Amino acid sequence: MLEHFFHWPPQIARLRSNTGVELLDGFADHLSQCGYSRSQGSRHLRAAAHLLHWLDGSGVAPSEIEPAVMGQFVRHLQRCRCAGFAGMHRDKLLRGVRAFTAYLEGRALCTARHNAENAVTSVLWERFCRWMREHRGISERTLRDYRHRLRHLLTDLDDEPRKLDVAYLRRFTLELGRNGGNAVVKSTTTALRQFVRFLVTEGQCPSGLEEAIPNIAYWRLSTLPRYLLPEEVEHVLASPDTRTPVGKRDRAILLLLARMGLRAGDVVQLRLADIDWRAATLSVSGKNRRQTLLPLTQEVGDGIVDYLLHGRPPTPSDCVFVRAIAPFRPFRDARGVSDVAKLALRRAGVDARVHGAAHVLRHSAASSMLRQGASLQEIATVLRHQSVVSTQIYAKVDVLALRELAQPWPEVLPC
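Quick summary incoming for the structure in this document.

Rules and cut-offs
Residues numbered from 1 in each chain as written. Predicted model: local features only at pLDDT ≥ 70, side-chain atom pairs only at ≥ 80, totals over all residues. Heavy atoms only, no water. Helix = DSSP H or I, 4+ residues; strand = E, 2+ residues; numbered from the N terminus. Contact = heavy atoms within 4.5 Å. Areas by Shrake-Rupley, 256 points an atom, 1.4 Å probe, with all protein chains shown as cover. Buried < 20%, exposed > 50% of the residue type's maximum accessible area, 1.4 Å probe, protein only. Expected span 1.5 Å × (residues − 1). Arc of directions from axis to C-beta. Phe/Tyr/Trp six-rings, centres within 6.5 Å; stacked < 30°, edge-to-face > 60°. Lys NZ or Arg CZ within 6 Å of the ring centre and 35° of its normal.

1. Concerning the overall build of the protein
A tally of regular secondary structure across the protein gives 19 helices and three strands. Within the protein, contacts between residues at least 6 apart in sequence are counted, and of these 62% link residues at least 24 apart. Of the roughly 22,500 Å² of accessible surface on the protein, a fraction of 53% belongs to carbon and sulfur atoms.

2. Considering the environment of Leu 282
Tracing the backbone through its elements, the reader meets Leu 282 in strand β2 (residues 281–285). Leu 282 sits in the buried class, given a relative accessible area of 0%. Along the chain, Leu 282 and Thr 297 lie 15 residues apart, while their C-alpha atoms are 9.6 Å from each other. In contact with Leu 282, not counting residues within four places along its chain, are Leu 256, Met 260, Leu 262, Leu 270, Asp 274, Ile 275, Thr 292, Leu 293 and Leu 294.

3. Thoughts on helix α7 (residues 123–136)
Between its first and last C-alpha, α7 extends 19 Å over 14 residues, near the 20 Å set by a 1.5 Å rise per residue. Buried within α7 we find Leu 124, Trp 125, Phe 128, Cys 129, Trp 131 and Met 132. An end-on view of α7 places all buried positions within 165° of arc, on one side of the element. Downstream of α7 by one or two residues, Gly 137 has phi in the positive range, about 60°.

4. Remarks on the packing of aromatic side chains
Inspection of the entire model under this criterion finds 11 aromatic pairs. A ring pair is formed by Trp 125 and Phe 195, whose centres lie 6.2 Å apart and whose planes are at 40°; its orientation type is tilted. Taken together, the positions of Trp 125 in helix α7 and Phe 195 in helix α11 (residues 182–201) put the pair 70 residues apart, joining distant regions of the chain. An aromatic cluster is defined as three or more aromatic residues linked by ring pairs; in this entry it consists of Trp 125, Phe 128, Trp 131, Phe 195 and Phe 198. For Arg 147, the ring lying beneath its charged end belongs to Trp 125, and the centroid distance is 5.9 Å.

Have a look at this one:
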């Protein structure tokens, strides 16, 4: 099956000279079934051959691959001099290796929700994730966010948590403040605090060490929500080319964000069974994991139907929205949906230099409802806020009403 992705006989012969060529053949067959292009499939196969070559030299069987072994392979790449495997970008090589290990574990690439950053990880992190699931009931999405926030710290620790002390934690937090905004620092310190608490529970750090992590000041209503004017929203919705499958998918996603005020994570988690076409309702499970029924409007329903019938590629996944290139699997996380929104804003000529473009469309939907006379309680119901306190920020958007409340500036008598 290697001949499907490689046409040059010497290259095929070199790949077949590696140990584990039968695994490469099976991997190539799976890549073909998942719809991989020739260029992408060949990169993955070269990466898999590199891993098999290194495993053979290290005396490790493919069946013995585990996080610690993958960590050794990543360190090997920093000084790799393997003949015949030079020239591939490190990130692309690791992407192919992750796909190959997923195949060896029996996970179909077409449907696997595999986090690229978590594939090559440490034993310590795996134990932390297991502890968080058992004792905190945390979601996989939050764990992925924690992994992203703490990736540099985990690399530095290298499974030696005793490196953590008060000075280290303070230095790490100060460095965050120099390189990121307030929101990034706050979310990272939250993840760090949970990680240190786990280490304290495991007896690998002294009790009370988490108190060395400073609290970050944050005022909920100190900023205005970013939103678009109605005409800008219409330009964004009209920006995808609906003559293409990608355009049909993007327009359906944008309609859910801008018309129904869904979060990017809601769109990622949406399943085919969540849509009741007869009752015209949409079942959404938000951050609180509670199912909520929302009315499905004609416009949004037409957009989803157009995508399902004429734009969605064949895939065994039951997620409504999947990637447009092989492997045809669901979006890995909310960032994929936010990227769709950001590109749409850019095509429409709207300032896209914002973090979380999908949330800008959610804000726009709420602001539009407020302008049309909806109350904060009604907006909270549509946005599925557990408390109307979360909706209060939109009160600052109603400039006309605020002008009626504003008091005239007191005159200052001359001296």
